[in-house]
Amino acid sequence: MYKNKLFNLLFYDFKIYWHTNCKTHHMKQLILIIIVFFLGLSIRAQQEFHVFPNGKATGNGSLQKPWDLQTALSQKPDVINGGDTIWLHEGIYNGRFLSTIKSTKKNSFIIVAPFNQEKVVLNGNVDSNKEAVLNVTSSQVIFRDFEITWLGEFSRNEADKYFRKSAGIFHTSGEDCRFYNLVIHDNPGLGFGSWKQTGGTIIQDCIFNGWMSKDGKGRGEGMYVQNASEKIRLIKNNIIFANYYKGIEVWSAGRDAKLDFVKNVTLEDNVIFNSGSPSGEFRDNVIIATDDRSGTNFAKNIKVLNNIFYHTTDYLKNEVNGDAPSLTLGYTKKAPVMNIVVKGNIILGRNNALRLLHVKSMTFEDNVIYGGYVFLNAITMPNSNNWTMENNKYFTKKTAAYRVDQDKTYNLKDWHSTFNLDLDSQWKHIKDFDLKDVLRISENATKSNSFKVVLFNKKGNDVKVDFSKYNIPKGSSYKIYDVENRKKIAASGIIPKDKIISFPMGLPTFQLPLNNMLAQKSASNFGVFVIAFEVQNRTSNQ
């Protein structure tokens, strides 16, 4: 913090020495190199600042005189810049906050994170005109490892006199930010708004949910995504579930756009399930589209890779009745989606689990689909010149798996001959549907020894998971949390010699404070868990 004063003094001393004692050009050159070296150290020096819930705006960011959170997030680049860290100390930070900090150093980030992995909660249940608990106009900042929510009593019903609306995060401007391992939940608004002027954003290892409107219908997505930049927006390894409305909308509702800003987005390795369920109506786990009528703003250059989309249904009884879409592409004929890649996903729902409404160009490969049928809009018929569909597995109730609205249905053979698509794909009746028990194990990118585990068992039996290929020392303890009730330990113990751990699938329903409603847990055939290992002996042999 005092580096500028220190090096100004050093520079002054060297200047006096130079003019007093240096008689040769070479000596002056040597001294100049030394000065530049030390000034370079000054420029590159990393600083640490401290924030406490009871910190002061009059502080200086030291441990002795810590800042409050808003003061820290308002600092200019001459105070906080790339390479610096803002440490948040344990506690509840009441307020709605605006982050304007920016790194002006190329490929160098400011970090905002809990000190020593302490528990930090941002509580937005206060009177404020800010649209979100955390509002971000920053560039090259990493926000990680804390919780964003509303605590205490509040209404989720817009019809209530004292209803107050607030999202979890609004990222409205500033490029190349990173959001890692944030838990964004129970806010009376959408979870995360990632808007068009925020290119290069990465959102990874986070958890989200939404709110209820006055007409009784669900509102509030887990995530609303736009992007006007040529930089890729990466949404990776997140868990998004039980929102009152849709899981992720890569979308714009504007009908008269002047530019294209729903493009260059990658959704990869996410688990999104039971969107809309708290409002009593299943909604899209993911929709990719715009409602533009000007022919300008097309959703394009979007990749959907290796995600798991699930809606609760009875897979033993082959249940598909009702509306439960998991993936929808396109919305209006004037703005069909373009250059969409959907590859390696598990897409599970009911009648219309997969909806291809207005699609101009698409690659659809290596996906598993369970539903009543694949729904297509008759206005936009498949085009083998612009569509690629191959190596997919379809499990549907009827042999005619492809249903074109107001036109006709096609079985796989007719689909081949008519459109020259899905030549290497398979169709089976839903009674033959099953998946392997362990759908995914993924390690948290920013939290060591923490894993996300996604499981499926048609009968709801407990599932054994093998961790032998991971570098977990013998004797380590573990705790398992069901993400749908993450504050309660579902199971715990010491990792056995074979490193195989049993996960409990048939956990009971539970009460959450969602407008006094009983939140419906996913069926026992599906489970998303976090397992955290605590290493007891780091020197143990594996």
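Not measured: the values here are computed from a predicted model.

1. Some thoughts on the environment of Phe 241
- Here Phe 241 lies in strand S20 (residues 239-241).
- The spatial distance from the C-alpha of Phe 241 to the C-alpha of Gly 276 is 8.7 Å, given a sequence separation of 35 residues.
- What Phe 241 contacts, discounting residues up to four positions off in sequence, is Ile 207, Phe 208, Asn 209, Phe 273, Val 483 and Glu 484.

2. Remarks on the confidence of the model for the chain
- In the predicted model, the chain carries a mean pLDDT of 88, and 88% of its residues have values of at least 70.
- Here residues 1-20 scores under 50 on pLDDT; set against residues more than four positions off or in separate chains, the count is 23 contacts.
- Throughout residues 538-542 the model reports pLDDT below 50, and contacts reaching past four residues in sequence, or to other chains, amount to eight contacts.

3. A closer look at the packing of aromatic side chains
- Tallying each qualifying case throughout the model produces 32 aromatic pairs.
- Both rings, one in Phe 49 and one in Trp 67, keep their centres 5.2 Å apart while their planes meet at 15 degrees; by these two values the pair is stacked. Here the residue Phe 49 occupies a position in strand S1 (residues 48-51), and Trp 67 occupies one in the loop between S1 and helix H3 (69-72), the gap between them amounting to 18 residues. The burial state of Phe 49 is the same as that of Trp 67; both residues are buried.
- Taking 5.2 Å as the distance between ring centres and 10 degrees as the angle between the ring planes, the aromatic pair formed by Phe 241 and Phe 273 counts as stacked. Highlighted residues: Phe 241 in strand S20 and Phe 273 in strand S23 (residues 271-273), separated in sequence by 32 residues.
- Here Phe 241 falls in the buried class, since its relative accessible area comes to 13%.
- One aromatic cluster in this structure is built from Phe 241, Phe 273, Tyr 310, Tyr 315, Tyr 370, Phe 395, Phe 433, Phe 456 and Phe 526.

4. Observations regarding the pairing of strand S8 (residues 141-144)
- With three bridges joining them, strand S5 (residues 110-114) and S8 adopt parallel strand pairing. By the bridge assignment for S8, Val 112 is matched with Phe 143.
- In this sheet, strand S11 (residues 178-180) lies alongside S8 in parallel orientation, the contact comprising three bridges. Residue pairing in the sheet places Phe 143 in a bridge with Phe 179 of S11.

5. What to know about the pattern of salt bridges
- With the rule as written, the count across this model stands at 20 salt bridges.
- One salt bridge connects Asp 127 with Arg 164, and the closest N-O pair in it is separated by 3.3 Å. Here Arg 164 lies in the loop between strand S9 (147-149) and strand S10 (167-171) and Asp 127 lies in the loop between strand S6 (120-123) and strand S7 (132-136), a separation of 37 residues in the sequence.
- Of the residues examined, Arg 164 reaches a relative accessible area of 26% and is grouped as partly exposed.
- Put simply, Asp 176 and Lys 231 hold a salt bridge, and the shortest N to O gap is 2.8 Å. With Asp 176 in the loop between S10 and S11 and Lys 231 in the loop between strand S18 (223-225) and strand S19 (233-236), this residue pair connects regions lying 55 residues apart in the sequence.
- Classification of Lys 231 by relative accessible area gives partly exposed; the value is 33%.
- What you see here is one network of salt bridges that share partners, running through Glu 230, Asp 260, Lys 263 and Lys 300.

6. Digging into unusual backbone geometry
- The phi dihedral of Asp 186 is positive, around 55 degrees, even though this residue is not glycine.
- A residue is classified by how much of its surface remains accessible, and Asp 186, at 18% relative accessible area, is buried.
- A positive phi angle is found at Asp 366, which is not glycine, with a value near 60 degrees.
- Relative to the assigned elements, Asp 366 resides in the loop between strand S31 (362-365) and strand S32 (368-371).
- Overall, the relative accessible area of 30% leaves Asp 366 in the partly exposed class.

7. Some details on the layout of surface pockets
- Computed from the structure, the largest pocket encloses a volume of approximately 1400 Å³.
- Lining the largest pocket are 44 residues, with Asn 181, Lys 447, Ser 450, Val 530 and Ala 532 positioned closest to its centre.
- Listing elements by their share of the lining of the largest pocket, those giving two or more residues are strand S2 (85-88), S5, strand S40 (450-456), strand S42 (477-482) and strand S45 (526-534).
- In terms of residue count, the dominant contributor to the lining of the largest pocket is S42 (five residues).
- Across the lining of the largest pocket, the residue classes tally to 18 nonpolar, twelve polar and 14 charged.

Here is what the cut-offs are and how they apply
- Along each chain, numbering runs from 1 in the same order as the chain's sequence is written.
- Per-residue local features of the predicted model are confined to residues with pLDDT of at least 70, and side-chain atom pairs are confined, for both listing and counting, to 80 or more; whole-chain, interface and lining totals are unaffected and use all residues.
- Processing note: side-chain calculations cover all non-hydrogen atoms of the structure and skip hydrogens and water entirely.
- Runs of H or I in DSSP of at least four residues are treated as helices and runs of E of at least two as strands, each being numbered from the N terminus.
- The criterion used for residue contact is that any of the two residues' heavy atoms lie within 4.5 Å.
- pLDDT measures how confident the predictor is about each residue, on a scale from 0 to 100.
- Classification of ring pairs uses Phe, Tyr and Trp, with its six-membered ring standing for Trp, and accepts pairs whose centres are within 6.5 Å; under 30 degrees between planes counts as stacked, over 60 as edge-to-face, and the remaining range as tilted.
- Each residue is placed in one exposure class: buried if its accessible area under a 1.4 Å probe, protein chains only, is under 20% of its type's maximum, exposed if it is over 50%, and partly exposed if it falls in between.
- The criterion for strand pairing is that DSSP finds at least two bridges linking the strands in question.
- A carboxyl oxygen of Asp or Glu within 4 Å of a side-chain nitrogen of Lys or Arg is what we treat as a salt bridge.
- Buriedness for pockets is judged along seven lines, at least five of which must meet protein on both sides within 12 Å for an open set on the 1 Å grid over protein atoms alone, while cavities are sets there where a 1.4 Å probe fits but cannot get out, and lining residues have an atom within 4 Å of a point.
- Grid points are joined across faces, edges and corners, and a volume is the space filled by probe spheres set on the points.
- Just so you know the grouping, Ala, Val, Leu, Ile, Met, Phe, Trp, Tyr, Cys and Pro go in nonpolar, Asp, Glu, Lys and Arg go in charged, and all remaining residues, Gly too, go in polar.

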